[in-house]
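A structural walkthrough
In case you want the letters, here they are:
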Amino acid sequence: MNVLLEKLMLANGYSEAYEISRSLLGDTVSDCRLGSIAVISGVRIGKMKDVKDIVSAIRGCKDNLSLVAKTVYENAILEEELKGE
């Protein structure tokens, strides 16, 4: 399933990847990779507030995709702050 979601993201299918990963995650985020996919996809489609809890849940994850997801989220926050100035 992760491979399918990654392929969706590569093809700019962020909305689909977000919806699928969120439904698979449910209420708890225990899968770092799936959580990371949800964060990256969510940021790309403008669901910053929706992914905030997922970012908190993957803070302890150390895999490469989680590091990328946290960076993508933090950069998007910074970009929003800079636009507001």
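Per-chain numbering applies: the sequence of each chain, read as written, is numbered from 1 onward. With the structure being a predicted model, the display of local features is reserved for residues of pLDDT at least 70 and the display and counting of side-chain atom pairs for 80 or more, all residues being used for whole-chain, interface and lining totals. No hydrogens and no water enter the side-chain calculation; it runs on all heavy atoms of the structure.

Before going further, it helps to examine the overall build of the protein chain. The numbering of helices and of strands both runs from the N terminus, where a helix is a DSSP run of H or I of at least 4 residues and a strand a run of E of at least 2. Counting its regular elements, the protein chain contains five helices and zero strands. Ordered by position from N to C terminus, the α and β elements of the protein chain give α-α-α-α-α. Using C-alpha atoms as the atom set, the radius of gyration is obtained and then compared with a globule rule of 2.2 Å times the number of residues to the power 0.38. Computed over C-alpha atoms, the radius of gyration of the protein chain comes to 12 Å, within 12% of the 12 Å expected from 2.2 N^0.38 for 85 residues, which places it in the range of a compact globule. Counting over 85 residues, the protein chain shows a buried share of 35%. Every residue pair with non-hydrogen atoms within 4.5 Å of one another is taken to be in contact. When contacts within the protein chain are restricted to residue pairs at least 6 apart in sequence, long-range pairs at least 24 apart make up 52% of them. For the protein chain, the accessible surface area stands at approximately 5300 Å², while carbon and sulfur atoms represent 52% of it. Classification of residues uses two cut-offs on accessible area relative to the type maximum, computed with a 1.4 Å probe and protein chains only: under 20% is buried, over 50% is exposed, and between them is partly exposed. For the area figures, the Shrake-Rupley method with a 1.4 Å probe applies, and any residue is considered shielded solely by the protein chains shown.

With that settled, consider the confidence of the model for the protein chain. On average, the protein chain scores 88 in pLDDT, and the residues at 70 or more come to 96%. Considering each helix and strand of the protein chain separately, the mean pLDDT is smallest for helix α1 (residues 2–10), with a value of 74, and largest for helix α3 (residues 32–44), with 94. Every residue carries a pLDDT, the predictor's confidence in it, which falls somewhere between 0 and 100.

With that out of the way, let us pick up the environment of V39. Mapped onto the fold, V39 is located in helix α3. Distance in space between the C-alpha atoms of V39 and Y73 is 7.2 Å, their sequence separation being 34 residues. Non-local contacts of V39, meaning those with residues more than four positions away in its chain, are made with V51, I54, V55, I58, A69 and Y73.

Moving on to unusual backbone geometry. Not every positive phi belongs to a glycine, and N12 is a case in point at roughly 65°. Among the structural elements, N12 can be located in the loop between α1 and α2 (14–25).

Structural elements are reduced to axes, namely lines fitted to C-alpha atoms, with helices fitted over the stretch in contact, and the angle between N-to-C directions of any two is expressed from 0 to 180 degrees. Between α2 and α3, whose axes approach to 8 Å, the crossing angle comes to 140°. One way to sum up the angle between α2 and α3 is to call them oblique. Crossing of α2 against α3: the hand is left-handed. Side by side, α2 and α3 meet where Y14, A17, Y18, S21, R22, L24 and L25 of the first sit next to L34, G35, I37, A38, S41, G42 and R44 of the second. Put simply, Ala, Val, Leu, Ile, Met, Phe, Trp, Tyr, Cys and Pro go in the nonpolar bin, Asp, Glu, Lys and Arg in the charged bin, and everything else, Gly too, in the polar bin. A per-class count over the contact of α2 with α3 returns eight nonpolar, four polar and two charged. Any angle that falls under 35 degrees is termed roughly parallel, while one over 145 is termed roughly antiparallel, one within 65 to 115 roughly perpendicular, and all others oblique. Whether a crossing is left-handed or right-handed is set by the direction in which the near helix is turned from the far one by less than a right angle, anticlockwise for left-handed and clockwise for right-handed.

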